[in-house]
Amino acid sequence: ARGRFKKDETTPVVGDFVEIEVIDEEKKEAVIEKISERKTYIKRPKVANVSQIILVLSIKDPKPDLLMLDKQLAYAEFLGIEPIIAINKIDLSDEYKEIEETYTKIGYKVYAVSAKEPKTVEKLKESLKNNISVLAGNSGVGKSTTINAIFGNNITQEGVISEKNKRGKNTTTDVKLYEIDENSYIVDTPGFSTFEITEIESKDLDKYFREFAEQIENCKYVGCTHIKETECGIKYAIEEGKIDKQRYERFCKIYNELKEREENRW
Ligand code: GDP
Ligand code: ZN
């Protein structure tokens, strides 16, 4: 980057679209002159313009962590990045159908895959087109295997990408961008496996539970927390089968975690 960009927020990060001035054509040297406005921005690890977060879980080994999934979904909504769910290792168990149904009903795209069989990732691969996507999920769910299935024989000269990231002395702040085609990229970072959602305030959490939105207007009190209140639109919706009870219970858990952290802050 030329000189120093004034604020930290305008220091170029992975994913930025920039204007460059070529210094040496042959050596492929250039300086960054200008950073384009970011559509999205993730603070930790720093990466700009991610348009899609693929939340990977496996149906077995390890078993699905739906609390983590709901946290990540809320965080993606908070960031304004489209979340997609990939349930991996369906060759090991067919108990994924219930999860698929729960989240499809909310309006999320869910792909059931077996990354070891590359043909099962075709649809997921299509969804990457014209996007900058990042994969998130617990260790062992199959993120690297999925990435490798997506790249197939077109794997870059860097080899098996996430494997390399895992073995090296890389830290969670390491971010790399891999090109699938001219407009499609995958962000590879170990730092996205278990991120914290402390940026969300407990009182705002309901905004990031997509299916809650249209039920909140039935809450009796403005500022209803949907926890202790009985005259609550969310609770009515659970009775009517419009909101999944277990997802609501995970909402309460996350809410309480955030609340507790807020209180300890002082
Ligand atoms: P990561 O930590 O999320 O990157 O997970 P990996 O891609 O390293 O996969 C963890 C383990 O699960 C490896 O032993 C993979 O071979 C295995 N694995 C990945 N995908 C599948 C799958 O679709 N089916 C089965 N049975 N095993 C898988
Ligand atoms: Zn309510």
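Residues numbered from 1 in each chain as written. Chains lettered and ligands numbered in written order. Predicted model: local features only at pLDDT ≥ 70, side-chain atom pairs only at ≥ 80, totals over all residues. Heavy atoms only, no water.

Chemist: Looking at this structure, how should I read the overall build of the protein chain?
Modeler: Tallying secondary structure elements over the protein chain gives 8 helices and 10 strands in all. Residues counted as buried form 45% of the 266 residues belonging to the protein chain. Here the analysis covers contacts within the protein chain between residues at least 6 apart in sequence; of these, 64% occur between residues at least 24 apart. Of the accessible surface of the protein chain, which amounts to about 15,600 Å², a share of 47% is contributed by carbon and sulfur atoms. (Helix = DSSP H or I, 4+ residues; strand = E, 2+ residues; numbered from the N terminus. Buried < 20%, exposed > 50% of the residue type's maximum accessible area, 1.4 Å probe, protein only. Contact = heavy atoms within 4.5 Å. Areas by Shrake-Rupley, 256 points an atom, 1.4 Å probe, with all protein chains shown as cover.)

Chemist: Would you explain the site of ligand 1 in this entry?
Modeler: Residues in close proximity to ligand 1 total 16 residues, the closest being D91, G140, K143, S144 and T145. A distance of 3.0 Å separates an oxygen atom of ligand 1 from a polar atom in the side chain of K89. In the model, an oxygen atom of ligand 1 is placed 3.0 Å from a nitrogen or oxygen of the G142 main chain. Starting from 580 Å² of accessible surface for ligand 1 in isolation, the protein chains cover 78%. Counting residues per element, the shell around ligand 1 draws most heavily on helix 4 (residues 143-151), at 3 residues. Split by residue class, the shell around ligand 1 holds 3 nonpolar, 8 polar and 5 charged. (Near = heavy atom within 4 Å. Polar contact = N/O pair within 3.5 Å; in protein donor to acceptor, adjacent residues only side chain to side chain. Nonpolar A, V, L, I, M, F, W, Y, C, P; charged D, E, K, R; others polar.)

Chemist: What is the right way to read the coordination of the zinc ion (ligand 2) from this model?
Modeler: Reference values for angles at a metal are 109.5 degrees in the four-donor tetrahedral case and 90 or 180 degrees in the six-donor octahedral case. Every protein donor of the zinc ion (ligand 2) is accounted for by C219 (SG), C224 (SG), H226 (ND1) and C232 (SG), and the metal-donor separations fall at 2.1 to 2.4 Å. Metal-centred angles of 103 to 115° between the 4 donor atoms at the zinc ion (ligand 2) mark the site as tetrahedral. Read N to C, the donor residues that coordinate the zinc ion (ligand 2) are spaced as C-x4-C-x1-H-x5-C. No difference in accessibility class separates C219 from C224, as the two residues are buried. (Donors = N, O, S within 2.8 Å, 3.2 Å for Na, K, Ca; no water. Tetrahedral: all angles 85-135°; square planar, octahedral: opposite > 155°, others 65-115°.)

Chemist: Any chance you could explain the sheet that holds strand 9 (residues 176-181) here in plain terms?
Modeler: Whether parallel or antiparallel, the strands of a sheet pair through hydrogen bonds between backbone atoms. As summarised here, the arrangement of the 6 strands in space is 7-6-5-8-10-9, forming an open sheet in which the pairing is mixed. Taken across any chain shown, the strands that pair with only one partner, and hence form the sheet edges, are strand 7 (109-112) and strand 9. The average undirected angle you get between the axes of adjacent strands in this sheet is 25°. One ladder, built from 5 bridges, connects strand 9 with strand 10 (residues 184-188); its direction is antiparallel. Following the sheet pairing, K176 is matched in strand 10 by D188. The strands touched by helix 1 (residues 66-79) are strand 5 (52-58), strand 6 (82-88) and strand 8 (132-136); relative to strand 5, the strand with the most contacts, the crossing angle is about 180°. Set on the sheet, helix 2 (residues 97-106) makes contact with strand 5, strand 6 and strand 7; between it and strand 7 the angle comes to about 160°. (Pairing = 2+ DSSP bridges. Axes fitted to C-alpha atoms, helices over the stretch in contact; angles between N-to-C directions.)

Chemist: What should I look at first to understand unusual backbone geometry in this one?
Modeler: Leave glycine aside and you will find that most residues have negative phi; peptide bonds, for their part, are mostly trans. For the bond running from R44 to P45, omega is -10°, close enough to zero to count as cis. Cis geometry marks the peptide bond from D61 to P62, where omega comes out at 0°. Phi is positive for K28, which is not a glycine, with a value near 55°. Overall, the relative accessible area of 75% leaves K28 in the exposed class. Positive phi values are uncommon outside glycine, yet H226 reaches one of about 65°.

Chemist: Would you take a moment to explain the side chain of E262 for this structure?
Modeler: Secondary-structure assignment places E262 in helix 8 (residues 245-265). In this structure E262 is buried but unpaired, with R265 as the nearest side chain of opposite charge at 4.6 Å. Side-chain polar atoms of E262 contact the backbone nitrogen of S202, separated by 2.7 Å. (Lys, Arg positive; Asp, Glu negative; His and termini not counted. Salt bridge = Lys/Arg side-chain N within 4 Å of Asp/Glu carboxyl O.)

Chemist: It is not clear to me how the nonpolar core should be interpreted in this structure. Could you clarify?
Modeler: Nonpolar side chains in soluble globular proteins generally cluster together in the buried interior. Among the nonpolar cores identified, the biggest contains 46 residues, and V50, I53, I85, Y103 and L205 are the most heavily contacted of them. Elements supplying a minimum of two residues to this core: strand 5, helix 1, strand 6, helix 2, strand 8, helix 7 (233-239) and helix 8. Leave out the neighbours within four places in its chain, and I85 touches L55, L57, L69, L73, Y103, Y108, K109, V110 and Y111. The next biggest cluster of nonpolar side chains, apart from the first, holds 17 residues, and it includes I84, Y111, V113 and V121. (Core = buried A, V, L, I, M, F, W, Y, C linked by side-chain atoms within 4.5 Å.)

Chemist: When you look at a nonpolar patch on the surface in this model, what are you seeing that I'm missing?
Modeler: Residues V18, I20 and V22 make up a contiguous nonpolar surface patch of roughly 240 Å² in combined accessible area. Here V22 shows up in strand 1 (residues 18-24). (Patch = residues over 30% accessible without salt bridge, like charges linked within 9 Å, V, L, I, M, F, W, Y side chains within 5 Å.)

Chemist: How do you make sense of the pattern of salt bridges when you look at a structure like this?
Modeler: Any two side chains of opposite charge can pair if their charged atoms end up close together. In total, this model carries 14 salt bridges according to the counting rule given. The residue R38 makes a salt bridge to D16 at a minimum N-O spacing of 2.8 Å. Of this pair, R38 sits in the loop between strand 2 (29-35) and strand 3 (41-42) while D16 sits in the segment before strand 1, placing them 22 residues apart in sequence. What makes R38 buried here is its relative accessible area of 19%.

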